[in-house]
Amino acid sequence: MRPSHRRTDVLDDAELQDPPGGAFLRLHFRGPFEGRPVTWLATLRATAAPGPERSIGGLAASFIEIGDDTPEGVPITVGLPVATIDEPTIRKAMIMIRRYRRLRRGRHEYGPPGRAAPQRDP
């Protein structure tokens, strides 16, 4: 008989500042950065959502932007090629931020602009 292991949900570690399902979502969570634990003051942006993040003729590129330390934590904004910031997207972004060892301050664009991730059915 195999022992049952309860998997914890990474969202249990987050303090959501906005409800999921919109074009952006703010959240706070702990994770490593520059060899130390920090509180991330994260903003996730859906670059495939209609609005100012769209570029002429396509979508804005995906990006990560990390600002200077504040007394509350380290601000990070992540632009993702999705139409809305849902719970699966939040989980993936948190895991990416926690695991990516080469994060550095400033704005870093990645991936080709203009491609949206396929939408999941609820």
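Note: the structure precedes this text.
As the structure is a computational prediction, the values presented were derived from the model and not from experiment.

Asker: So what about the sheet that holds strand β3 (residues 36-46)? Which residues, and what values?
Answerer: With mixed pairing, the six strands of this open sheet are ordered in space as β1-β2-β3-β5-β4-β6. For this open sheet the edge positions go to β1 (15-16) and β6 (106-110), each flanked by a neighbour on one side alone. As judged from the seven bridges shared by β3 and strand β5 (residues 74-80), these two strands associate in the parallel manner. Along β5, the bridge assignment pairs Thr-43 with Thr-77.

Asker: Describe in detail unusual backbone geometry, supporting the description with residues and values.
Answerer: For Glu-34, which is not glycine, the phi dihedral falls at a positive 55 degrees. Assignment of secondary structure puts Glu-34 in the loop between β2 (24-33) and β3.

Asker: Provide a residue-level description of the packing of aromatic side chains, including the pertinent values.
Answerer: On inspection of all chains with the given rule, the structure shows one aromatic pair. Between the NZ or CZ atom of Arg-107 and the centre of the ring of Phe-63, over which it lies, the distance is 3.8 Å.

Asker: Pulling in residues and values, what's your account of the nonpolar core?
Answerer: Counting 26 residues, the largest nonpolar core has Leu-27 and Trp-40 as its most contacted members. Top contributing element to this core by residue count: β3, with five residues. Ignoring sequence-local partners within four residues, the contact set of Leu-27 consists of Ala-14, Glu-15, Leu-16, Gln-17, Trp-40, Leu-41, Ala-42, Leu-44, Ile-90 and Met-94.

Rules behind the numbers
Residues numbered from 1 in each chain as written. Predicted model: local features only at pLDDT ≥ 70, side-chain atom pairs only at ≥ 80, totals over all residues. Heavy atoms only, no water. Pairing = 2+ DSSP bridges. Helix = DSSP H or I, 4+ residues; strand = E, 2+ residues; numbered from the N terminus. Phe/Tyr/Trp six-rings, centres within 6.5 Å; stacked < 30°, edge-to-face > 60°. Lys NZ or Arg CZ within 6 Å of the ring centre and 35° of its normal. Core = buried A, V, L, I, M, F, W, Y, C linked by side-chain atoms within 4.5 Å. Buried < 20%, exposed > 50% of the residue type's maximum accessible area, 1.4 Å probe, protein only. Contact = heavy atoms within 4.5 Å.

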